[in-house]
Amino acid sequence: MPDLPEPTAGASCADLIALLRTNAQRSITYYSGKAAHEVSFGQLHQQVNDAIAVLQDYGVAAGDRVGVVAANGQAALLIDLALLGAHCTVVHLPESAVAATLAMVGPDNLDYLIVESDRHDSGAMAQFEPAGQVAGLALYRRAGPCARAAPAKLMGAPALIFSSGTSGKIKQIVVNPIGVLHNATVFFSAFAPQPDDRFMIFLPLSNYQQKLLMYGCILYGISICLTDTRHVMAALRNCPSTLFLAPPIFYESAWQLAGAGAADAAHKATSLRAFFGGAMRIMWSGMAPIAPAILEDYQCAGVPLYEAYGMTEYGPISSNLPGRNVIGSVGRPLAEGSVQISEAGEIILRPDTALTTGYLAEHPDDERAVYTEEGAIATGDLGYFDDQGYLFIQGRKKELLITSAGYKIHPQSVEQAFRDLEFVRHAVLMGNGKPYLGLLLIVEALDDAVRARVNARVARLNADECKLFPIKRLLIRTENFTCENDMLTRNMKLNRTAIARTYEQELFC
């Protein structure tokens, strides 16, 4: 099989369209559950150019800000690439919060809106009027006066994206036109893509990390399988892939499913390999910490799972990789010299070419807290390097718990102790300003055996790591945490603000 083509140095987002033609023999498979539909990059190149022509016929022009509401699939990818090729600013609204996000952006800050027919929201779209169809999606133009002039920092930006909302507030982030493919290159070059690789992507494309993976595949000529959260398990079986990225909750669930009915560890390992299609070369866990015990289980099963670290504002930061893997760490920095630890222990990033340039419509003080005046990006994460250069994350600076006695606790360090219990879905530690800690556990099912194992684990912690700040309140529930009930962010991270609002009073009453 021929070697992969080298990516073009200094390529911009609009250059992706030409790269489709360069890597014409690669393909993208759209998997919707009913059938797999494969399109070569060469065919996609023609489809994208056709869509650009349609957009221009309807008056869409370079610099226009275009909102998009579309779930993963052929239309979503096609329209994204077409808008980039037309030099527009793409504003891909999260499907789970279209009305709220559109209200935050402001409809009068968009020139056009492109929407799937089954996602029409008459209230959210009241300021737009039908203009036509493009790539099977409905195109709307702003009704009445023209959209407001774009803020200076948005000029030339290929996209306006959104933070995950981990801190409780979703923020608008401006993408740097020269930073997108640079950061994709930083990540993809680290793991030496192979000619027969296929990257499976299933998280929503409104999450920019997923688009960065998509662009990297086009840049390096790597075939893609694009599916969604509903069909990913079937896609893993029916569209064998070699590269895959998911949040920890996915790998934890897969491990539990593989163990159901397995006679012994060998059968469980065989089941786990089959679950992921049997061809995986590298899988990454990101977006939230993963329990070291899960990584060890995958390693023992011969399934190549590695922990990585990234940030919406920065892009990929560090990663464990084959031959360079320390479980418990998030790997070594992908770009040499890009990660530093401040005197306060915060992880500070110094990008060569930043993925993003700043926030839109945020107070200057809030922006400077992340995008510092020295040109660095403050992550809000606390961490340290070991003597081999591997980066370890201790927790979020804002999530640090301080008891009434003044003890400081990183909640993740305690929560990790429960993640190897196969029935635990989520563990959340609380107790800021309290004389003791409280623990919320979300479990698969609750019975006396589960209570006994949990109580034993709590007793062990209280006799050791938590001796000075014991866990004295325990709440065990079986309700699931989802993005829909706001207990998880759209990046599948714990929404600690919402969780505390829902459970803290009951936990400490």
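Anything mentioned here points back to the structure above.
Computed from a predicted structure; not experimentally measured. (Residues numbered from 1 in each chain as written. Predicted model: local features only at pLDDT ≥ 70, side-chain atom pairs only at ≥ 80, totals over all residues. Heavy atoms only, no water.)

Considering the overall build of the chain
Moving on, step 1. Scanning the chain for helices and strands turns up 14 helices and 26 strands.
Moving on, step 2. Its C-alpha atoms give the chain a radius of gyration of 23 Å, within 12% of the compact-globule value 23 Å for 509 residues.
Moving on, step 3. Projected onto the principal axes, the alpha-carbon positions of the chain cover approximately 70 × 50 × 45 Å.
Moving on, step 4. Put simply, the chain has 509 residues, and 55% of those count as buried.
Moving on, step 5. When contacts within the chain are restricted to residue pairs at least 6 apart in sequence, long-range pairs at least 24 apart make up 66% of them.
Moving on, step 6. Total accessible area on the chain stands at roughly 21200 Å², and carbon and sulfur atoms take up 51% of it.
Moving on, step 7. In the chain, 41 positive and 51 negative side-chain charges are present, and the distance between their average locations comes to 4 Å. (Helix = DSSP H or I, 4+ residues; strand = E, 2+ residues; numbered from the N terminus. Rg over C-alpha atoms; globule rule 2.2 N^0.38 Å. Buried < 20%, exposed > 50% of the residue type's maximum accessible area, 1.4 Å probe, protein only. Contact = heavy atoms within 4.5 Å. Areas by Shrake-Rupley, 256 points an atom, 1.4 Å probe, with all protein chains shown as cover. Lys, Arg positive; Asp, Glu negative; His and termini not counted. Charge placed at Lys NZ, Arg CZ, Asp CG, Glu CD.)

Some points on the environment of A62
Moving on, step 1. Along the chain, A62 falls in the loop between helix 2 (41–57) and strand 3 (65–69).
Moving on, step 2. Overall, the relative accessible area of 56% leaves A62 in the exposed class.
Moving on, step 3. Each C-alpha atom of the pair A62 and Q74 lies 23 Å from the other, and the pair is 12 residues apart in sequence.
Moving on, step 4. Aside from chain neighbours lying at most four places away, what touches A62 is A86 and H87.

Comments concerning the sheet that holds strand 9 (residues 172–175)
Moving on, step 1. In spatial order, the strands read 8-9-19; together these three strands make up an open sheet with antiparallel pairing. Of all the strands in the sheet, the pair left with one neighbour each is strand 8 (160–162) and strand 19 (356–360). Strand-to-strand twist in this sheet, taken as the mean axis angle between neighbours without regard to direction, amounts to 35°.
Moving on, step 2. As defined by bridge partners, strand 9 adjoins strand 19 across four bridges and the pair is classed as antiparallel. Within strand 19, the residue paired with Q172 across the bridge is L360. (Pairing = 2+ DSSP bridges. Axes fitted to C-alpha atoms, helices over the stretch in contact; angles between N-to-C directions.)

Some points on the packing of helix 3 (residues 74–85) against helix 6 (residues 208–220)
Moving on, step 1. Relative orientation of the contacting elements helix 3 and helix 6 amounts to 75°, with a least axis distance of 12 Å. Judged by the inter-axis angle, helix 3 sits roughly perpendicular to helix 6. When helix 3 is examined against helix 6, the residues L77, D80, L81 and L84 are found in contact with a partner set consisting of K211, M214, Y215 and I218. (Parallel < 35°, antiparallel > 145°, perpendicular 65-115°, else oblique.)

Observations concerning the packing of aromatic side chains
Both the distance between ring centres and the angle between the ring planes are used here to describe each pair of aromatic rings.
Moving on, step 1. Under the defined criterion, the tally for this structure stands at 27 aromatic pairs.
Moving on, step 2. Aromatic pair F188 and Y220: ring centres 5.8 Å apart, planes at 15°, arrangement stacked. Pair noted here: F188 is in helix 5 (residues 180–188) and Y220 is in helix 6, with a separation of 32 residues, a long-range link.
Moving on, step 3. For F188, a relative accessible area of 1% puts it in the buried group.
Moving on, step 4. Judged by relative accessible area, Y220 falls into the buried class, the value being 8%.
Moving on, step 5. Chaining the aromatic ring pairs together yields one cluster made of F202, F244, F250, Y251, W255, F275, F276 and Y298.
Moving on, step 6. A cation sits over an aromatic face here: K434 above F508, 5.1 Å from the ring centre. (Phe/Tyr/Trp six-rings, centres within 6.5 Å; stacked < 30°, edge-to-face > 60°. Lys NZ or Arg CZ within 6 Å of the ring centre and 35° of its normal.)

Some remarks on the pattern of salt bridges
Two side chains that carry opposite charge are able to pair once their charged atoms sit near each other.
Moving on, step 1. Per the counting criterion, the structure on display carries 17 salt bridges.
Moving on, step 2. The partner of R65 in a salt bridge is D111, with the nearest N and O atoms 3.7 Å apart. Here R65, found in strand 3, pairs with D111, found in the loop between helix 4 (98–105) and strand 5 (112–115); they are 46 residues apart in sequence, far enough to count as distant.
Moving on, step 3. You can call R65 buried: its relative accessible area is 5%.
Moving on, step 4. Across the pair E415 and R419 runs a salt bridge whose closest N-O atoms are separated by 3.7 Å. The two residues E415 and R419 agree in class, both being buried.
Moving on, step 5. Each of the salt bridges in this network shares a partner with another, and the network as a whole consists of E399, E415, R419 and R496. (Salt bridge = Lys/Arg side-chain N within 4 Å of Asp/Glu carboxyl O.)

Side note on the sheet that holds strand 11 (residues 223–226)
Moving on, step 1. The strand order across the open sheet built from nine strands is 2-1-11-10-12-13-14-15-16, with neighbouring strands paired in mixed fashion. Each edge of the open sheet carries a strand with a single partner, namely strand 2 (36–40) and strand 16 (332–333).
Moving on, step 2. Where helix 8 (residues 248–259) meets the sheet, it contacts strand 12 (243–246), strand 13 (282–285) and strand 14 (305–311), and its direction lies at approximately 105° from that of strand 12.

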